[in-house]
Structure formats: C-alpha cells, structure tokens
Amino acid sequence: MRDIGSCFSEQVVRISDSSCSNPLNQTCRPPKLIASIQNVVTCLYKTKFTSSQKQVNNITITISWCKTLIDQGLSITVGDDPSSHHQTIKISTNSRIFRKKKGSKFFEAGGSKIDAFWDLSTARYDSGPEPIDGFYVVIVVDSKYGLLLGDNIDEETITKKFKTSGISFSQFSLISRRECFSGNTHYSTKAQFCDNGTEHDILIRCGNEDESGYKHPVLSVCIDNKKVIRVKKLQWNFRGNQIIFVDGLLVDLMWDVHDWFFKPTTGYAVFMFRTRSVLDSRLWLQEKVQKDELEFSLSIYACKNQ
C-alpha cells in the first residue's frame, strides 16, 4: 500500500522535475513588461521562549517595511494585537524631519519588556522597501534575543555592540510574508519555503499571449524559471488553486484576480503560497488554522494602478 505522500506527488507539479508535461515544461520567456513596484513587505516571525521551568511560550513579532514617494521606513509590532499603540513602533528612515536610521526604543507589550535596536545607516536596497544588506534589527524580549535580522549579526557582534553578554538566545522562524505591489501585471520576488531550504525566484505574469494563439488574458506563474501553472481565459478562471512540489514540500498555490476584471480602478489580485503536510488532504483555505499550526505562507497583493 502506497503512502499518502506518493499519492500526492503524482498530482503535483515538481519544480525540480524537468519532464513535466506540456506546456508546463516550458521555461519562462523574457518578460516584455517592466516589473511592478514593491511598496510594502510584512514579515511575521514566531519566537519560542523556554522558561526556567522548561515551559515553551510563543510570541509573534511583525516587521513591516514600506516605501512611498515621500517616505521610507519600518514598523515593529510585538504580540498579536497591532491595534494597541503600546505594542507598535514606527521608524522613518527617509523623512527630512523625522529621519532616524540608527537608534533604540524600549517599550512594553503583553506584559513583556521589549528592547528594539536598529541600524539602517549603511543599508543597501534593491527596488523594494526591504534592505538587502548593510543593516541590522534586533529585538530583545525579557532579556532574551527574540529576533535578529540583517547581515554580520552574531552573538559576538551583539555582545560587543550592546554590552549584553548575559542575554540568552531564543529560536525564531518566519511563518508568513506578505508583499504589496503596484504597477504592471509582472511581479517578481523570492521565497524560502522552509528554514533549511533554498531561496527560489518567483515570477507572476498576466497578459495576452498572442504569439501562442491565446487572445484572452493568460496567467503564468514560474518558479526558478520553470512554468508551474498557466491559466487561460483568465476572465472566467479568475479564481483557482494548484498543488506544487518544492524542496520536498507540498505547496498550495491559490490565485484570485476577480477584482482586476470587476473592480479595475480599486481592486487588486491575491496570490498565495502555503506549505502543508502530506498527511493533510484538505485545501488549507478551507480550514480554520490556528496560529501555532502555521508553517510558512507567502501572500502577494497586486494592484494594477500605481
């Protein structure tokens, strides 16, 4: 009797399999459209703290990077209630008046004492609001390191920089990432679907592929230059889902472009990727998933208007 994983693998698209059936074995052609603009990146991290009684407590930390025509910066939220101003701090790195590329902030959230340290003075950016290197963001929760972001950040560097040799480290992981785009229907990003996995290039395109004989809008999603889905006649197939197989993981890919056709002025499309266990045969969107059960999800919100 075959296991559930092998049954699933017969129905999914494998990123590493070069023998996918036509037309999914085609590589992505060079795009004609200029890539859209990434405006906001929001990352949700879960940190596990172990008490002296060996009890494990989880806390969520949200880092949101944003970029507008007049400002750029980030916000830090600790806990599950972002509506409380005591739990969120906002940092502007581009405003002429309130610029603060390096500093620290101390506050309380959910009964915990939070120390936030950041240095974006030498940060390098690509086209989006999130720096690619030359920065660090450090969050300390109740004298334990809850989150370390940036390059060249290790225990020795932090101890020397913050003079905090007595602070212990905690385990943290990225459980969800949300990206917001505006502009053309050509979206490019990267994603790592598990902590020990590789980073993959993701390209989402929507347009009329007249050279292929399709006069109606066609949606294409590529991972590592390999086309994993192609949805023809998108105005009738504006919602759907597909299972793909990445790094040995089952990943649900869902798209909803309804508003592109029926709310063209204010609407936006949503593309979602989420890992799930092979033991779970139900589509993740149909479940009530508890936060502690989340593995990893990537959401892309795409607006056609700049």
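Located above this text is the structure these notes cover.
So, how was this worked out
- Residues numbered from 1 in each chain as written.
- Predicted model: local features only at pLDDT ≥ 70, side-chain atom pairs only at ≥ 80, totals over all residues.
- Heavy atoms only, no water.
- Helix = DSSP H or I, 4+ residues; strand = E, 2+ residues; numbered from the N terminus.
- Buried < 20%, exposed > 50% of the residue type's maximum accessible area, 1.4 Å probe, protein only.
- Contact = heavy atoms within 4.5 Å.
- Areas by Shrake-Rupley, 256 points an atom, 1.4 Å probe, with all protein chains shown as cover.
- Pairing = 2+ DSSP bridges.
- Axes fitted to C-alpha atoms, helices over the stretch in contact; angles between N-to-C directions.
- Phe/Tyr/Trp six-rings, centres within 6.5 Å; stacked < 30°, edge-to-face > 60°.
- Salt bridge = Lys/Arg side-chain N within 4 Å of Asp/Glu carboxyl O.

Focus on the overall build of the protein
Moving on, step 1. Each helix and strand in the protein was counted, giving three helices and 21 strands.
Moving on, step 2. Burial status across the protein gives 46% buried among its 306 residues.
Moving on, step 3. Partitioning the intrachain contacts of the protein with sequence separation of at least 6 by distance along the chain shows that 48% fall at a separation of at least 24.
Moving on, step 4. If you sum the accessible surface of the protein, you get close to 17200 Å²; carbon and sulfur atoms cover 49% of it.

Notes on the sheet that holds strand β16 (residues 217-223)
Moving on, step 1. On the basis of which strands lie adjacent, the open sheet formed by four strands has the order β14-β15-β16-β17 and antiparallel pairing. Whereas interior strands pair on both sides, the edge strands pair on one side only; in this sheet they are β14 (186-191) and β17 (226-231). Strand-to-strand, the axes of this sheet are offset by a mean angle of 15°, without reference to chain direction.

So, the packing of aromatic side chains
Two measures describe an aromatic ring pair: the distance that separates the ring centres and the angle between the ring planes.
Moving on, step 1. Taken as a whole and judged by the stated rule, the model has 11 aromatic pairs.
Moving on, step 2. With a centroid separation of 6.3 Å and an interplanar angle of 70°, the aromatic rings of Tyr45 and Phe172 are classed as edge-to-face. Of this pair, Tyr45 sits in strand β2 (residues 37-50) while Phe172 is found in strand β13 (residues 171-182), placing the two residues 127 residues apart along the sequence.
Moving on, step 3. A relative accessible area of 9% places Tyr45 in the buried class.
Moving on, step 4. The rings of Phe181, Tyr187, Trp260 and Phe271 are connected pair by pair, giving a single aromatic cluster.

As for the pattern of salt bridges
Moving on, step 1. Using the criterion set out here, one finds seven salt bridges in the structure.
Moving on, step 2. Residue Asp133 pairs with Arg124 through a salt bridge whose shortest N-O separation is 2.6 Å.
Moving on, step 3. In this structure, Arg177 and Glu130 form a salt bridge, with 2.7 Å as the shortest nitrogen-oxygen distance. With Arg177 in strand β13 and Glu130 in the loop between β8 (124-125) and β9 (131-133), this residue pair connects regions lying 47 residues apart in the sequence.
Moving on, step 4. Overall, the relative accessible area of 22% leaves Glu130 in the partly exposed class.
Moving on, step 5. Connected through shared salt-bridge partners, Glu130, Arg177 and Glu179 make up one network.

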